[in-house]
Amino acid sequence: MSPPLLSLERIGRTYRAGGRHVRALEEVSLSLHAGARLVLVGESGSGKSTLARVAARHEAPDQGRVLYEGVDVTHASQAELRPWRRFVQLVLQDPDLAIDPRYTLRAAIREPLVVQGWPDDGAGARLAALVGLSPALLDAYPHQASGGQKQRAVLARALALSPRVLVLDEPTAALDASAAAHVLELLLELQDRLRIGLLLVTHDLRVARFFATEVAVLHQGRVVEGGPPARVLDDPQHPITRALVDAVPPAPAGRAAALPERDE
Ligand SMILES: Nc1ncnc2c1ncn2[C@@H]1O[C@H](COP(=O)(O)OP(=O)(O)OP(=O)(O)O)[C@@H](O)[C@H]1O
Ligand SMILES: [Mg+2]
């Protein structure tokens, strides 16, 4: 069997801030296979964003190993990581921080190709079509686009180099419910088409329930519970998971918080 796209082995990460040590991650082990949608949930400060950054190797852990397709990249230098930027891409919550306001959406989407010195071949239009962004918007500037449209542009840019793994840190948290639901549906569709692995961070259990093939619950930097969403979310074993499940507001009448129904 081929190795997982991404493996995290006993990851530890400590920050030193103002003379204090904050243990953001401790002994975290996870793996992500092609076609999987691993969703990481946990309360604020539980270490989700740290894990996303370590998984995408935007920062190094101080304990444990990060492997991409079985290759140890834990301490790879920037130069050594460069070819892996094709392999894994990190998408953050706020599209306004990801896109330069002086760039048109087309220029923003094409940027990784330019940086890698790849030929363009109408990539802007192709990538816009992939994420359902109207071609008319390619020449717009970010301030002329909605939050959902900007996040689609961010996804198009993340896909420009045909990565095998997307790590998404709260990708819909800055969007209204309907735009958020559309972006999640788009991610499902993209995964179906591209067979990528998705590691998605959210504090919203409804997102996890809708989206995950597998859920991991993080608490104070440790994974306290993990497994298929039907098991973890419908029959939580750990008190922290139970507290998270109990904190989800009851679904409003009609469509539950605009998340589309899904049968699987
Ligand atoms: N660069 C940093 N320097 C110092 N401490 C940090 C740094 N980044 C994160 N931390 C600390 O590490 C812990 C985990 O933070 P992290 O941002 O990963 O949590 P999170 O689960 O993403 O929270 P949220 O849901 O609020 O986004 C917190 O205690 C945080 O204060
Ligand atoms: Mg975070």
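In this text, all values refer to a predicted model and were calculated from it rather than measured experimentally. (Residues numbered from 1 in each chain as written. Chains lettered and ligands numbered in written order. Predicted model: local features only at pLDDT ≥ 70, side-chain atom pairs only at ≥ 80, totals over all residues. Heavy atoms only, no water.)

**So, the environment of Y68**
- Within the secondary structure layout, Y68 lies in strand 4 (residues 63-68).
- In sequence terms Y68 and D96 are 28 residues apart; their C-alpha atoms lie 29 Å from each other.
- Those residues in contact with Y68 that sit more than four places away from it in its chain are L5, L6, A55, A56, R57, V73, W84, F87 and V88.
- Within the structure, the side chain of Y68 is placed 2.6 Å from the backbone oxygen of A55, a separation counted as a polar contact. (Helix = DSSP H or I, 4+ residues; strand = E, 2+ residues; numbered from the N terminus. Contact = heavy atoms within 4.5 Å. Polar contact = N/O pair within 3.5 Å; in protein donor to acceptor, adjacent residues only side chain to side chain.)

**A closer look at the sheet that holds strand 8 (residues 197-201)**
- Reading across from one edge, 6-7-8-3-9-10 is the order of the six strands in this open sheet, with mixed pairing throughout. Of all the strands in the sheet, just strand 6 (88-91) and strand 10 (222-227) have a single pairing partner and so form its edges. The average undirected angle you get between the axes of adjacent strands in this sheet is 15 degrees.
- Examined bridge by bridge, strand 6 and strand 7 (residues 165-169) share four bridges and lie parallel to one another. Paired with Q89 across the bridge in strand 7 is L166.
- Along the sheet, helix 7 (residues 177-194) contacts strand 3 (37-41), strand 7 and strand 8; its crossing angle with strand 8, the most-contacted strand, is approximately 160 degrees. (Pairing = 2+ DSSP bridges. Axes fitted to C-alpha atoms, helices over the stretch in contact; angles between N-to-C directions.)

**Notes on the pattern of salt bridges**
- Applying the stated rule across the entire model yields 16 salt bridges.
- Between R10 and E27 there is a salt bridge whose closest N-O contact spans 2.9 Å. One end of the pair, R10, is in strand 1 (residues 6-17); the other, E27, is in strand 2 (residues 20-32), with 17 residues separating them in the sequence.
- Here D72 makes a salt bridge to R65, at a shortest N to O gap of 3.4 Å.
- Residue R65 is classed as partly exposed on the basis of its relative accessible area, which comes to 37%.
- Put simply, R13, R53, E59 and D62 are held in one network by salt bridges that share partners. (Salt bridge = Lys/Arg side-chain N within 4 Å of Asp/Glu carboxyl O. Buried < 20%, exposed > 50% of the residue type's maximum accessible area, 1.4 Å probe, protein only.)

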